[in-house]
Amino acid sequence: MPTIQIPQITLNTGATIPQLGYGTLALQPDRESNETNAKITEPVVTQALEAGYRHLDTAQAYGTELGVGRAVAASGIPREEIFITSKLANANHTPDDLERSFEQTLTHLGVDQLDLFLIHWPLPTLYDGDYVSTWKTITGFVADGRLRSAGVSNFQPAHLDRIVAETGIVPAVNQFEIHPYFNNNAPREACARHGIAVEAHSPLGHNSAPLSDPTITQIAEAHDKTVAQVILRWHMQHQIITIPKSAKPERMAENLDIFDFELTRTEIDAIDGLDRGPEGRVGPDPDTYEGV
Ligand code: NDP
């Protein structure tokens, strides 16, 4: 197996997370957690581990936990060398559902302790807007030893401010949409204020639009790298943790091969300048999202 040196970021819990990981959204034809899908996901995640990824991002709502767990078990890689993140599905926010579904997550993944568990979406328009109780319940899993670090995903500044003010417990990570067309500076600034690590989802833009951007193409040519590599390097140099998804082994390797070059300040500024604000968002708006 290749030995790629991936930088580690230290979280406010003292745990370390590989800055570059592997996303598992949409590896399967649907989001069901079943045998058929596990048989599709396991070999792909095995390829990601063989490429050198040691940080895997799954979620109850992706249906990929089972395949991820099987790939990890079959890899023979010591458990402590693989960082696994999962996320709470939107249907499971009540305390009973949270407890039951977290146990199922541990079972699917085949682990006694999960490295990071995130509230997938804040859902301020559901559950009487009470994501604070959800947050408290998740932090209880850290207290009882089943979880190493608790975090959130798609939390806006007001959501972060509220859970910290009402519980005094600061999330380790906030995972939200960031890519060259959507810099999403407000939650990044709120994370910096609270000491929360920033993790980008959809780092390449999900639908691949930034992958044909002329400015980034020019920068990529100057470094003899691909556009995807330049975008991922831009995330790294902003100290952002990220988790690109590819089902293709050659792209898995390409996305890891970003630690032998550096973008200049001018190049980073040029990519920052491509931000389209809210127009650039490709995923749902966390203030209104009520989906899966
Ligand atoms: P990405 O930004 O990672 O883009 C994935 C797309 O880019 C796929 O179509 C993939 O195609 C293509 N791609 C990957 N690498 C390359 C490359 N080197 N060159 C050209 N195309 C490439 O999108 P995601 O939305 O999947 O985000 C990544 C991860 O973030 C998810 O898998 C998931 O784990 C997480 N996520 C979390 C969310 C949340 O709400 N917390 C929301 C969305 C994502 P192909 O597979 O064919 O290579």
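Above this text is the structure in question.
Residues numbered from 1 in each chain as written. Predicted model: local features only at pLDDT ≥ 70, side-chain atom pairs only at ≥ 80, totals over all residues. Heavy atoms only, no water.

Remark on secondary structure: sheet strands pair via backbone hydrogen bonds, oriented parallel or antiparallel. Reading across the sheet, the eight strands line up as β3-β4-β5-β6-β7-β8-β9-β10 and stay open at both edges, with parallel pairing between neighbours. Two strands lie at the open edges of the sheet, namely β3 (22-23) and β10 (241-242), each paired on one side alone. Two strands pair when backbone bridges link them, and strand β6 (residues 114-119) and strand β7 (residues 147-153) are joined in this way by five bridges, in the parallel orientation. Counted as the bridge partner of phenylalanine 117 is alanine 150 from β7. Strands in contact with helix α3 (residues 95-109) are β5 (83-88), β6 and β7; relative to β6, the strand with the most contacts, it is inclined by about 140 degrees. On top of the sheet, helix α4 (residues 131-143) reaches β5, β6 and β7; it is set at about 160 degrees to β7, its chief contact. (Pairing = 2+ DSSP bridges. Helix = DSSP H or I, 4+ residues; strand = E, 2+ residues; numbered from the N terminus. Contact = heavy atoms within 4.5 Å. Axes fitted to C-alpha atoms, helices over the stretch in contact; angles between N-to-C directions.)

Our focus in this paragraph is the site of the ligand. For the ligand, the set of nearby residues contains 29 residues, the closest of which are Asp57, His206, Lys245, Ser246 and Lys248. Contacts to the ligand include aspartate 57, whose side-chain N or O atom sits 2.7 Å from an oxygen atom. For the ligand, whose accessible area on its own is 900 Å², the fraction buried by protein is 89%. Tallying contributions element by element places helix α9 (residues 249-256) first for the shell around the ligand, with three residues. Its residues assigned to classes, the shell around the ligand comprises ten nonpolar, 13 polar and six charged. (Near = heavy atom within 4 Å. Polar contact = N/O pair within 3.5 Å; in protein donor to acceptor, adjacent residues only side chain to side chain. Areas by Shrake-Rupley, 256 points an atom, 1.4 Å probe, with all protein chains shown as cover. Nonpolar A, V, L, I, M, F, W, Y, C, P; charged D, E, K, R; others polar.)

Across the eleven residues that make up helix α8 (residues 227-237), a large majority, ten, are buried. For α8, the full list of buried residues reads Val227, Ala228, Gln229, Val230, Ile231, Leu232, Arg233, Trp234, His235 and Met236. In this structure, the buried side of α8 is in contact with β9 (197-201), α7 (214-223), β10, α9 and α10 (265-272). Phi turns positive, to about 65 degrees, at glutamine 239, one or two residues after α8. (Buried < 20%, exposed > 50% of the residue type's maximum accessible area, 1.4 Å probe, protein only.)

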